[in-house]
Amino acid sequence: MPLAPRPALLAPYRALDLTDVQGYLCGRILGDMGCDVIKVEPPAGDPGRMRPPFYHDTPDNERSLYWMTYNANKRGVTLDVERPEGRALFKRLVDAADFVIESFPPGHMEKLGLGYWELQKVNPGVVLTSVTPFGQDGPYRDYKATDIVNIALSGVLYVTGDRDRPPVRVSFAQSYLHAGAEAAAASLFAHYWREITGDGQHVDVSIQESMVWTLMNVQQAWDMSRSIVHREGSARYLPATGARLQQHWPCADGYVSFVVMGGSEGVRSTRAMVAWLDEEGLASEAMKSVPWEEIGFGTQPQEELDKLHGPIGKLLLRYTKKELYTQAVRRGVIFGPVNTARDILEDPQLQARGFWQQVEHPDLGKTVTYPGPFIKMSATPLGIWRRAPRVGEHNEDVYERELGLSRHEIDALRTARVV
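Overview of the structure. (Residues numbered from 1 in each chain as written. Predicted model: local features only at pLDDT ≥ 70, side-chain atom pairs only at ≥ 80, totals over all residues. Heavy atoms only, no water.)

Once that is clear, we can look at the pattern of salt bridges. Within this structure, the stated rule accounts for 29 salt bridges. The salt bridge partner of Arg 75 is Glu 402, with a shortest N-O separation of 3.0 Å. Taken together, the positions of Arg 75 in strand 3 (residues 74–78) and Glu 402 in helix 16 (residues 395–402) put the pair 327 residues apart, joining distant regions of the chain. Across the salt bridge formed by Glu 232 and Arg 244, the nearest N and O atoms sit 3.2 Å from each other. Of this pair, Glu 232 sits in the loop between helix 9 (216–225) and strand 7 (235–238) while Arg 244 is found in strand 8 (residues 243–246), placing the two residues twelve residues apart along the sequence. Shared partners join several salt bridges into a network, and the residues in it are Arg 14, Asp 36, Arg 75 and Glu 402. (Salt bridge = Lys/Arg side-chain N within 4 Å of Asp/Glu carboxyl O. Helix = DSSP H or I, 4+ residues; strand = E, 2+ residues; numbered from the N terminus.)

Pasting the structure below:
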């Protein structure tokens with residue numbers, strides 16, 4: 001399959017990707033930007049290849065949808081870096097690489113003789129990016145963690161769910177993705193520094209810290225109003241009155257999002273909603289006479305909100321998401337449908353922008369729809385240039401054509417289970 005078309009933002013550069021599920025996204029983002037990312041796997045294949053869900057629910061190391069998604073735009077080689085022959089070959093790859101991405105436990109790369117200072121001897125400009133649960137130092141550095149541990153220790157779990165029930169986890173692992181995105185951004189910061197100075201550096205990404213950064217508004221709630229943000233489910237806690245402001249509502253075929261707001265920010269939207277309620281025979285005279293311009297956001301007491309929430313809930317149950325959204329846009333109500341996966345796939349805005357991308361999968365005998373690039377750039381577009389690699393798919397490309405190993409040498413390494 002082709003490399004990224006030129007010009008691509010990172011086309012001249014190469015990354016070696018040693019990560020597991022904790023860091024896949026970093027290499028994927030660099031690949032989307034045109035970097036030649038080489039996924040380095042053990043000879044038996046990366047364990048992440050058996051992470052569900054699978055294409056048509058058939059467990060197979062070439063059918064993991066998780067693997068396919070986060071390892072697209074990468075070439076793939078097999079190499080056992082735990083063995084001396086493998087480490088020697090890896091250093092030859094580092095000599096021509098710009099980035100090395102890894103997610104081993106802290107200290108493991110040093111034990112292998114592949115720590116930053118060893119790699120720096122091979123290639124002084126190399127950027128080594130490490131993604132671990134708690135970073136390279138501190139009392140937790142040697143602790144292992146899953147996604148739920150990461151989000152619990154970051155504080156995210158405490159604010160997710162309903163107040164009267166235990167915390168709940170987002171159903172799809174989020175911490176690895178936040179850390180992967182931070183790792184990609186940080187790798188490019190280090191790349192910029194290298195362009196200025198010629199020096200590489202070690203980038204240390206803590207998954208816990210990446211998740212703490214998602215809670216900056218929780219910290220500000222205390223700084224600005226001395227209020228502690230709790231789990232509120234589908235409502236929002238108003239510290240000024242202690243009331244719960246409903247944010248998510250059931251409708252005829254799912255859920256929608258709407259918030260009653262006063263003041264300059266929300267008066268137009270709320271008045272439009274009250275007019276809609278009036279047309280449907282659901283607005284009281286008291287509701288129509290509320291001076292919304294004089295009511296600040298979050299200052300309504302619970303009894304006043306309850307008088308509004310009841311009729312609004314009845315109105316929304318009468319219509320589907322699509323019907324409500326169409327009406328809301330026409331009336332000027334600030335409103336949003338809660339999209340399912342199918343809704344997102346059929347979203348007219350995403351379709352109009354060409355967000356979805358078709359990627360050929362000859363092994364599956366079909367083309368698969370992927371989410372497209374996370375940004376659009378006019379001069380150096382991003383995209384998916386290749387599907388995720390099969391186990392050792394590019395061994396010959398990399399070892400024979402690029403490093404110059406003979407076929408005999410490659411066969412010997414394969415027999416010894418080094419590649």
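What follows deals with helix 6 (residues 147–154). Listed as buried for helix 6 are Asp 147, Asn 150, Ile 151 and Ser 154. Around the axis of helix 6, the buried residues are gathered within 90° of arc, so they sit on the same side. Where helix 6 is buried, its residues contact helix 7 (175–197) and helix 8 (207–212). Note on helix 6: the residue one or two positions beyond its end, Gly 155, has a positive phi of about 95°. (Buried < 20%, exposed > 50% of the residue type's maximum accessible area, 1.4 Å probe, protein only. Arc of directions from axis to C-beta. Contact = heavy atoms within 4.5 Å.)

Okay, the sheet that holds strand 9 (residues 248–251) next. As summarised here, the arrangement of the three strands in space is 9-10-11, forming an open sheet in which the pairing is antiparallel. Here the strands that pair on one side only, and so sit at the sheet edges, are strand 9 and strand 11 (336–337). In terms of strand pairing, strand 10 (residues 254–257) meets strand 11 through two bridges, oriented antiparallel. Note on strand 11: the bridge partner recorded for Val 256 is Pro 337. Sheet contacts for helix 12 (residues 302–317): strand 9 and strand 10; angle to strand 9, the most-contacted strand, approximately 40°. Running over the sheet, helix 13 (residues 321–331) touches strand 9, strand 10 and strand 11 and is turned about 20° from strand 10. (Pairing = 2+ DSSP bridges. Axes fitted to C-alpha atoms, helices over the stretch in contact; angles between N-to-C directions.)

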